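Below are the chains, spelled out letter by letter.
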Amino acid sequence: QVQLVESGGGLVQAGGSLRLSCAASGRTFSNRAMGWFRQAPGKEREFVAVINWSGSITYYADSVKGRFTISRDNAKNTVYLQMNSLKPEDTAVYYCAAAHSTTYYYIPRTGPGYDYWGQGTQVTVSS
């Protein structure tokens, strides 16, 4: 299976930046789309961003578009989420996830499209 470990979360003031990393292991990592989700207390886990296996296609939630950038380095088995202009409403536990299918055009934007999840990293944005 695929194992995922997030890092890079922390406390930051509004307007600041953080860079999250997700280190992956597993023989099929380079052939899967990778996504970022987040979950605030009392809320459902929500989609943030996704990148296809080659890095040529990305999608973002409207709430983060223009502020967050997802990228990946398959040689390092790592996916990143650069978070700029952070807002208090970005506060949540952030999870990375590996997609169910290795098909090139399988780029899901909902939780059921992913089979493997990390443990999450806390991001707190103060006002």
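Look above for the structure.
Calculation rules
- Residues numbered from 1 in each chain as written.
- Predicted model: local features only at pLDDT ≥ 70, side-chain atom pairs only at ≥ 80, totals over all residues.
- Heavy atoms only, no water.
- Salt bridge = Lys/Arg side-chain N within 4 Å of Asp/Glu carboxyl O.
- Buried < 20%, exposed > 50% of the residue type's maximum accessible area, 1.4 Å probe, protein only.
- Pairing = 2+ DSSP bridges.
- Helix = DSSP H or I, 4+ residues; strand = E, 2+ residues; numbered from the N terminus.
- Axes fitted to C-alpha atoms, helices over the stretch in contact; angles between N-to-C directions.
- Core = buried A, V, L, I, M, F, W, Y, C linked by side-chain atoms within 4.5 Å.
- Contact = heavy atoms within 4.5 Å.
- Phe/Tyr/Trp six-rings, centres within 6.5 Å; stacked < 30°, edge-to-face > 60°.
- Lys NZ or Arg CZ within 6 Å of the ring centre and 35° of its normal.

**Considerations on the pattern of salt bridges**
All chains considered together, the criterion is met by 4 salt bridges. With its nearest N and O atoms 2.7 Å apart, the salt bridge here joins Glu46 to Arg38. Relative accessible area serves as the criterion here: at 38%, Glu46 is assigned to the partly exposed category. Notably, a salt bridge pairs Lys65 with Asp62, separated by 3.1 Å at the nearest N-O pair. Comparing Lys65 with Asp62 shows no difference in burial state: the two are exposed. Connected through shared salt-bridge partners, Arg38, Glu46, Arg67 and Asp90 make up one network.

**A closer look at the sheet that holds strand E3 (residues 18-25)**
Strands sit in the order E1-E3-E8-E7 across an open sheet of 4 strands; the sheet is antiparallel. In this open sheet, the two edge strands, each paired with only one partner strand, are strand E1 (3-7) and strand E7 (68-73). Looking at each pair of strands side by side, their axes are set apart by 15 degrees on average, direction ignored. Looking at chain direction, E3 and strand E8 (residues 78-83) are connected through 6 bridges and run antiparallel. Each residue of the ladder has a partner; that of Leu18, found in E8, is Met83.

**Regarding the nonpolar core**
If you look at the biggest cluster of nonpolar residues, it comprises 36 residues, and the most contacted ones within it are Leu4, Trp36, Val48, Phe68, Leu81, Met83 and Tyr94. Of all the secondary structure elements, the ones that give two or more residues to this core are E3, strand E4 (34-39), strand E5 (46-51), E7, E8, strand E9 (92-99), strand E10 (114-117) and strand E11 (121-126). Take this core: its biggest share by element is 6 residues, from E9. In this structure Leu4 touches Cys22, Ala23, Ala24, Met34, Cys96, Ala97, Ala98, Tyr116, Trp117, Gly118 and Gln119, once residues within four positions along its chain are discounted.

**With respect to the pairing of E4**
With 5 of 6 residues buried, E4 lies mostly within the body of the structure. Taking the residues that link successive antiparallel strands as the turn, the E4-E5 hairpin has 6 residues, and the phi of Gly42 there is positive, at about 80 degrees.

**Quick notes on the packing of aromatic side chains**
A complete count under the given rule lists 6 aromatic pairs for this structure. Look at Trp53 and Tyr104: their rings are 5.5 Å apart centre to centre, the planes differ by 75 degrees, and that puts the pair in the edge-to-face class. With Trp53 in the loop between E5 and strand E6 (58-60) and Tyr104 in the loop between E9 and E10, this pair connects stretches of sequence that are 51 residues apart. Three or more aromatic residues link up through ring pairs in this structure, and these residues are Phe37, Phe47, Tyr114 and Trp117. Between Arg45 and the ring centre of Tyr95, over which it is positioned, the NZ or CZ distance is 3.9 Å. The ring of Tyr59 carries Arg109 above its face, with NZ or CZ at 3.8 Å from the centroid.

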